[in-house]
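Given next are the chains, with one letter for each unit.
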Amino acid sequence: MTSEQKLKRIRNIGIIAHIDAGKTTITERILYYTGRVHKMGEVHDGEATMDWMSEEKERGITITSAVTSCEWAGRTINIIDTPGHVDFTIEVERSLRVLDGAIGVFCAVGGVEPQSETVWHQADKYKVPKIAFINKMDRIGADFFRAVDMIRSRLGATPLILQLPWGSDDDFMGVIDLLKMKAIMWEEETLGAEYHEMDIPSEIAEDAYKYRDKFLETLAEKDDVIMEKYLAEEEINDSELKSAIRKATISLEVVPTFCGAALRNKGVQPLLEGIVDYLPSPPDVPPIVGHVPQTGEKAVRSSEIKGPFSALAFKVMMDQGRKMTYIRIYSGSVKTGDEVYNPGKNVNEKLARLLKMHSNKRERMDQSSAGDIIAVMGLKQATTGDTLCSEADPILLEPIQFNEPVISVAVEPKSVQSQDKLMLALLKLSDEDPTFKFKEDEETGQIVISGMGELHLEIITDRLEREYSVETNQGKPQVVHRETILKKIRHEEVFQKDLAGQQHFAGVNIEVSPLPRGKGNRFVNRCEAPELTDEFLTAIKEGIEENSSSGVVMGYPVIDVETTLLGVQIRENHSDEMAFRIAAAMAFRTACEQADPILLEPIMKTEVLIPEEFMGEVIGDLNTRQGKIEQLINRGPIQVLTARVPLSKMFGYSTSLRSLSQGRGTFSMQFSEYDRI
């Protein structure tokens, strides 16, 4: 087999969805039917292969993305099973950054839920081709067509229905394949490993022909060959259809849509065929683009095993105290013991071991090449988002973007002797998770840990005790605020000082003005002084940036402020970069003090699912939490309520909702924006 043929046989896919849509259950079925495992693990029993952490087994949720691989129809499928909980959205972000395709899993009852929307748009950002699987067709209230409509309306996607459900709720029998025009039924005795194709039952034949025609019509709009044959009413064979679907999927024009009930072992094998037939191999996606570190010139790497080596480190894990780094290789190949170059940190490091991962189990490899997702040992400096390449042919790939933490808790070790141990453990945990931060408060001496939500910090403190044997006491959660200004102010600052016999002088005239929420900070240079050098301008920018990290109200970072440089004062032989940095910092601080500074707090978009009879109490409770109700949707017996609520008012909400709705209400929330307290 040539190297090109080997590459074309690889599929790097992720399974993405809202919490509890069935991602891990589907992954378990895929591993079982491909022969990778010989027993299906269930999430509710704490036995799932991909949920290997103690915290995952206890809670029945996925916390960390796990990598595995299996074989189907002569193809190698590398799978990353990602978490659905909003607190662990970094795991989805970094996985999607290195994947070529994704399966969006949707609950047939809930349809497109808030976190499904978030992860789908994350995939859109990286232009990842997707297929959809509408799961839980056996649940009461399952509605395939409503879920399809929600994919269309909420996600702005074009679902291409390739299967219809055969029955629903307890009467869910199997699926109708609109490509082969056959009904598929699974054997319960063999746990769904065996299935049969048969003629479509007469009671649903009319629907099947109607939806096959719709699917051909949608495809004809995207493909000229299909269009010609469709209009001429000629027979279109399966291979032509598959080729057209594959092309339209890879170019993000359609989303092939499947259905099933993973827990009842129905619908997984056709999904596997969909992965092989419609999702891209590494050569099918555009080459990765970066730049040459020294020159800044654009650099492109195609998926070629014989090309120069380039890879992205997308995840770091501590393995019994040693650092294990997950990498996606984009081009070239690498062997155990090879030296690789990290252009971001300008260091060379040696790959001590290459490992093929199956959840938390591993097998050693001698070499690995383009298209592979592997773990490596021996990289001491590399962190999430770092590029690895050959020093002779360097490239720097775009790093991964991370969300900033929104919630903080003060922690202290239960014994004074554990202080150093705690700091070391926190350092290792922050290496693993870029959305987890910690700092020692200079004024109080407290250690403050920050993360994406209450559950995130709960898991961190659990891991401190379990993995690092550090017991801690925690304070009450605190919200991480931001600061901004309300009005436009001009201010001129002159810095003049003798230091070590040398006079330093700089004058800076700036204007600060508020920007709309979410626009970030901006620096504009309107100074036309010919003596303002690039070095001085950089020093002014740095002074302002450093000062914007600590505001004037309570020391929180300043956001959504435009700073305009209007003029400078320069004295020959006395003006230098340090003076300009200090003058700019002082000018920015004083201007902000005069510009009506205010505190901003994080606002969360919250979606509550509740039976109708509890609606009044839940709305009343959200009003007392200063929530703004935005939307109320009726989904049969369930009401879906969307609101924006300050994060500070949402602590302990899960307990409150449980008591208000007799345990029948569920909710999810995600960060929306910062707004005035």
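It should be emphasised that the depicted structure is a prediction, and the values quoted were computed from it without experimental measurement.

Each value, and the rule that gives it
- What you see as residue numbers is a count from 1 along each chain, following the sequence as written.
- Given that the model is predicted, a residue must reach a pLDDT of at least 70 before its local features are reported, and side-chain atom pairs must reach 80 or more before they are shown or counted; all residues, however, enter totals for whole chains, interfaces and linings.
- Heavy atoms throughout the structure, all of them, feed into the side-chain values; hydrogens and water do not.
- In DSSP terms, a helix is any run of H or I states spanning at least four residues, a strand is any run of E spanning at least two, and both are numbered starting from the N terminus.
- Atoms considered for the radius of gyration are the C-alpha atoms alone. The globule rule reads 2.2 Å times the number of residues to the power 0.38.
- With a 1.4 Å probe rolled over the protein chains alone, any residue whose accessible area is under 20% of its type maximum counts as buried; one over 50% counts as exposed, and the rest are partly exposed.
- Each pair of strands is called paired provided DSSP finds at least two bridges between the two strands.
- In this analysis an axis means a line fitted to C-alpha atoms, helices contributing only their contacting stretch, and an angle means the value between N-to-C directions, from 0 to 180 degrees.
- Buriedness of a pocket was judged along seven lines, with at least five required to meet protein on both sides within 12 Å; pockets are open sets of points on a 1 Å grid over the protein atoms alone, cavities are sets where a 1.4 Å probe fits but cannot get out, and lining residues have an atom within 4 Å of a point.
- Grid points are joined across faces, edges and corners, and a volume is the space filled by probe spheres set on the points.
- Each residue gets one of three labels, nonpolar for Ala, Val, Leu, Ile, Met, Phe, Trp, Tyr, Cys and Pro, charged for Asp, Glu, Lys and Arg, and polar for the others, Gly among them.
- Here, a salt bridge means any Lys or Arg side-chain nitrogen found within 4 Å of an Asp or Glu carboxyl oxygen.
- As used here, the term nonpolar core means buried Ala, Val, Leu, Ile, Met, Phe, Trp, Tyr and Cys residues forming a set that is joined through side-chain atoms within 4.5 Å.
- Polar contacts, as counted here, are pairs of nitrogen or oxygen atoms within 3.5 Å of one another; within protein the pair requires one atom able to donate a hydrogen and one able to accept it, and residues that are adjacent in sequence qualify only if both atoms are side-chain atoms.
- Note on contacts: a residue pair is in contact if any heavy atoms of the two residues lie within 4.5 Å.
- Along the chain, pLDDT gives the predictor's confidence residue by residue, from 0 to 100.
- For classification, angles of less than 35 degrees are called roughly parallel, those exceeding 145 degrees roughly antiparallel, those between 65 and 115 degrees roughly perpendicular, and all remaining angles oblique.

## Concerning the overall build of the protein
On a plain count of helices and strands, the protein comes out with 16 helices and 38 strands. Rg of the C-alpha trace for the protein: 28 Å, near the compact-globule value of 26 Å for 677 residues, within the 12% margin. Dimensions of the protein along its principal axes, counting C-alpha atoms only, are 95 × 65 × 60 Å. The buried share of the protein, taken over its 677 residues, is 54%.

## Overview of the pairing of strand S15 (residues 322-331)
S15 sits mainly inside the fold: nine of its ten residues count as buried. Direction of pairing for strand S14 (residues 310-319) relative to S15: antiparallel, over a ladder of nine bridges. Counterpart to Ser310 in the pairing with S15 is Ser331. The hairpin turn running from S14 into S15, its antiparallel successor, is two residues long, and Gln320 in that turn takes a positive phi close to 50°. Strand direction decides the pairing type here: S15 and strand S22 (residues 373-377), joined by five bridges, are antiparallel. Paired with Ile327 across the bridge in S22 is Ile374.

## Comments concerning the sheet that holds strand S32 (residues 502-514)
If you trace the four strands from one edge of the open sheet to the other, you get S31-S32-S34-S33, paired in mixed fashion. Taken across any chain shown, the strands that pair with only one partner, and hence form the sheet edges, are strand S31 (489-499) and strand S33 (522-525). In this sheet, adjacent strand axes meet at a mean angle of 30° when their direction is disregarded. In the sheet, S33 pairs with strand S34 (residues 561-569) via four bridges, with the strands oriented parallel. Within S34, the position partnered with Phe523 by the bridge is Thr563.

## Points about the sheet that holds strand S12 (residues 288-291)
Read across the open sheet, the three strands follow the order S13-S12-S24; overall the sheet is antiparallel. Where the open sheet ends on each side, the last strands, each with one partner, are strand S13 (298-301) and strand S24 (396-397). Sheet topology places S12 next to S24; two bridges connect them, and they run antiparallel. In the strand pairing of S24, His291 is matched with Leu396.

## A closer look at empty space enclosed by the protein
On inspection of all chains with the given rule, the structure shows two cavities of 30 Å³ or more. Estimated volume of the largest cavity: approximately 50 Å³. In terms of lining residues, the largest cavity is bounded by Glu483, Thr484, Ile485, Asn547, Ser550, Gly551, Val552, Val558, Phe588, Arg589, Cys592 and Pro597. Those elements that provide at least two residues to the lining of the largest cavity are strand S30 (482-485) and helix H14 (577-594). Residue composition of the lining of the largest cavity, grouped by class: six nonpolar, four polar and two charged. Taken as a whole, the second largest cavity spans an internal volume of roughly 40 Å³. Lining the second largest cavity, in full, are Thr89, Ile90, Glu93, Gln122, Gln401, Phe402, Asn403 and Thr435. No other element matches helix H4 (residues 89-98), which puts three residues into the lining of the second largest cavity.

## Topic: the pattern of salt bridges
The full count for this structure, using the stated rule, is 27 salt bridges. Measuring nitrogen to oxygen at the nearest pair gives 2.9 Å for the salt bridge that ties Lys229 to Glu240. With Lys229 in helix H8 (residues 224-231) and Glu240 in helix H9 (residues 238-250), this residue pair connects regions lying eleven residues apart in the sequence. Accessibility expressed as a relative area gives 24% for Glu240, which makes it partly exposed. Note that Arg463 and Glu467 form a salt bridge whose closest N and O atoms lie 2.8 Å from each other. In this pair, Arg463 and Glu467 are both assigned in helix H12 (residues 454-468), four residues apart and thus about one turn of the helix distant. Under the relative-accessibility criterion, Arg463 is labelled buried at 12%. Three or more residues joined by partner-sharing salt bridges are found here, namely Glu91, Arg94 and Lys315.

## Side note on the nonpolar core
Nonpolar side chains tend to gather and get buried jointly when the protein is soluble and globular. One finds Ile134 and Phe215 to be the most contacted residues of the largest nonpolar core, which totals 75 residues. Broken down by element, the residue count for this core peaks at eight residues, all from helix H7 (residues 202-222). Among the nonpolar cores identified, the runner-up in size contains 36 residues, and Ala425, Val479, Ile598 and Met604 belong to it.

## Brief notes about the side chain of Glu93
Turning to its location among the elements, Glu93 is positioned in helix H4. Here the side chain of Glu93 touches Gln122 through a polar contact of 2.7 Å, side chain to side chain. Setting aside residues no more than four positions away along its own chain, Glu93 makes contact with Gln122, Lys125, Tyr126, Ile400 and Gln401.

## Here's the deal with the pairing of strand S11 (residues 255-259)
Two faces make up the sheet, and in a regular strand the side chains alternate between them. A large share of S11 lies buried, amounting to five of its five residues. Judged by which residues are buried, S11 turns out to be covered on both faces: Val255, Thr257 and Cys259 on one side and Pro256 and Phe258 on the other are all buried. With three bridges joining them, strand S5 (residues 130-135) and S11 adopt parallel strand pairing. Note that in S11 the partner of Ile134 across the bridge is Cys259. Of the strand pairs in this sheet, strand S6 (residues 159-161) and S11 are connected by three bridges, and their pairing is parallel. Across the sheet, residue Leu160 finds its bridge partner in S11, namely Pro256.

## With respect to helix H2 (residues 23-33)
Within H2, ten of the eleven residues are buried, leaving the element largely enclosed by the surrounding structure. Of the residues making up H2, those classed as buried are Lys23, Thr24, Thr25, Ile26, Thr27, Glu28, Arg29, Ile30, Leu31 and Tyr33. Phi for Gly35, located one or two positions after H2, is positive at around 80°.

## Details of the confidence of the model for the protein
When pLDDT is averaged along the protein, the result is 87, and 95% of the positions lie at 70 or above. Ranking the elements of the protein by mean pLDDT puts helix H3 (residues 54-59) last, at 63, and S11 first, at 96.

## Considering the packing of H2 against helix H10 (residues 268-278)
Helix packing for two helices is described by the angle between their axes and how far apart those axes are. One way to put it is that H2 packs onto H10 with a least axis distance of 10 Å and a crossing angle of 85°. With respect to H10, the axis of H2 lies roughly perpendicular. Contacts between H2 and H10 involve Ile26, Arg29, Ile30 and Tyr33 on the former and, on the latter, Val268, Gln269, Leu271, Leu272 and Ile275. Split into classes, the residues belonging to the contact of H2 with H10 amount to seven nonpolar, one polar and one charged.

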